[in-house]
Amino acid sequence: CSDIPYKPFEFEDPSTPTGYTGFDIEIVDAIAKKLGLTLKVVVTNFDALQSGTALAANSCDLAASAMTITEERKKNLDFADPYYDSLQSLLVKADSGITNLAGMAGKKLGLQKGSTGKSYATKNAPEGTSLIDFSDDGKMFTALQAKQVDAILQDQPVNHQHEVDNPEYKIVETYN
């Protein structure tokens, strides 16, 4: 199971046998091949992944979806050894005038439901910031483009990919 799109970790690619590619997908595909198995990707809501619901419901055999290992998640999931260390980041339209999370008071901040970005924002966003939940990065970034939110806070590599693909957006701050 994987939450898609979340480029560069997992995203659609019709040229591949599974229809998907990305960092996580390629790792899991290599493991499947080593075991003599064929990878089948099941697109799954991130909240169902991080809570363990998707695995408990037997929707899939494993989850691979750029998931931060937390004590709370360990209660419902068994994790492999970590293979990527990521920061959180704040992405804005380059000409927005927003330079950091402290400048979000009175503004709308897009977050992925169940993510560590949402946890970080809940604890650290200034009073008066509207925290808006989205089911996935695709919907969250589209909302930023449509000016339905003023910024999005999520994993730095994903926001960096948005910068590369859309130079009118930029990361203004990163967090541990």
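Going by the structure above, here's the rest.
All residue numbers refer to position in the chain's written sequence, counted from 1. With pLDDT at 70 or above as the cut-off, local features in this predicted model cover only qualifying residues; side-chain atom pairs require 80 or more to be listed or tallied, and sums for whole chains, interfaces and linings still use all residues. Calculation of side-chain values draws on the structure's entire complement of heavy atoms; hydrogens and water are dropped beforehand.

Asks: Run through the overall build of the chain, naming residues and quoting values.
Replies: Broken down by element type, the chain carries seven helices and seven strands. Only DSSP runs of H or I with at least four residues qualify as helices, and only runs of E with at least two residues qualify as strands; both kinds are numbered from the N terminus onward. Starting at the N terminus and ending at the C terminus, the chain contains elements arranged as β-β-α-α-α-α-β-β-α-β-α-β-α-β. Over its C-alpha trace the chain gives a radius of gyration of 16 Å, about what one expects of a compact globule, namely 16 Å for 176 residues. When its C-alpha atoms are laid out on the principal axes, the chain stretches across 50 × 35 × 25 Å. Every radius of gyration here is taken over C-alpha atoms, with the globule rule written as 2.2 Å times N^0.38, N being the number of residues.

Asks: Please provide a residue-by-residue account of helix H7 (residues 156–165), values included.
Replies: Taken together, the buried positions of H7 are Pro157, Val158, Asn159, Gln161 and His162. Buried positions along H7 lie against strand E3 (88–93), helix H6 (137–145), strand E6 (151–155) and strand E7 (169–175). Burial classes follow relative accessibility: with a 1.4 Å probe on protein chains only, a residue under 20% of its type's maximum area counts as buried, one over 50% as exposed, and anything between as partly exposed. Residues count as neighbours in contact if any of their non-hydrogen atoms are within 4.5 Å of one another.

Asks: Residue-level account of the side chain of Thr116, with values.
Replies: Structurally, Thr116 is set in helix H5 (residues 116–124). Of the polar contacts made by the side chain of Thr116, one reaches the side chain of Gln88; its length is 3.2 Å. Residue contacts for Thr116: discarding those within four places in its chain leaves Thr68, Thr70, Arg73, Gln88 and Asp155. Side-chain atoms alone can form a polar contact between residues adjacent in sequence; in general such a contact is a pair of N or O atoms within 3.5 Å, and within protein one must be able to donate a hydrogen while the other accepts it.

Asks: Help me get a handle on the environment of Ala63, residues and values and all.
Replies: In this structure, Ala63 sits in the loop between helix H3 (53–56) and helix H4 (71–74). Spatially, the C-alpha atom of Ala63 lies 9.0 Å from that of Gly52, the residues being 11 residues apart in sequence. Setting aside anything within four residues of it in sequence, one finds Ala63 in contact with Cys1, Leu49 and Leu55.

Asks: If you had to explain the sheet that holds E6 to someone new, which residues and values would you point to?
Replies: One open sheet holds the five strands; their spatial order is E5-E4-E6-E3-E7, and the pairing between them is mixed. The open sheet is flanked by strand E5 (130–134) and E7, the only strands paired with a single partner. On average, each strand axis in the sheet is tilted by 30° relative to the strand beside it, whichever way the strands run. By the bridge criterion, five bridges tie strand E4 (residues 108–112) to E5 in an arrangement that is parallel. Looking across to E5, one finds that Leu111 is bridged to Asp133. To get an axis, fit a line to the C-alpha atoms, keeping to the stretch in contact for a helix; angles then go from 0 to 180 degrees between the N-to-C directions. Where H5 meets the sheet, its contacts fall on E3, E4, E5, E6 and E7, and the angle it forms with E4 comes to roughly 145°. The strands touched by H6 are E3, E4, E5, E6 and E7; relative to E6, the strand with the most contacts, the crossing angle is about 150°. Two strands are counted as paired when DSSP detects at least two bridges linking them.

Asks: So what about the state of the cysteines? Which residues, and what values?
Replies: The term disulfide is used for any two cysteine sulfur atoms that are within 2.5 Å. Within the structure shown, the criterion is met by one disulfide. Note on cysteine connectivity: Cys1 is disulfide-linked to Cys60, with sulfurs 2.1 Å apart. Taking the sign of the S-S torsion, about -120° here, the bridge from Cys1 to Cys60 comes out left-handed. Linking Cys1 in the segment before strand E1 (11–12) with Cys60 in the loop between H3 and H4, this pair joins segments that are 59 residues apart in sequence.

From the geometry alone we can't say anything about function, so treat these as descriptive.
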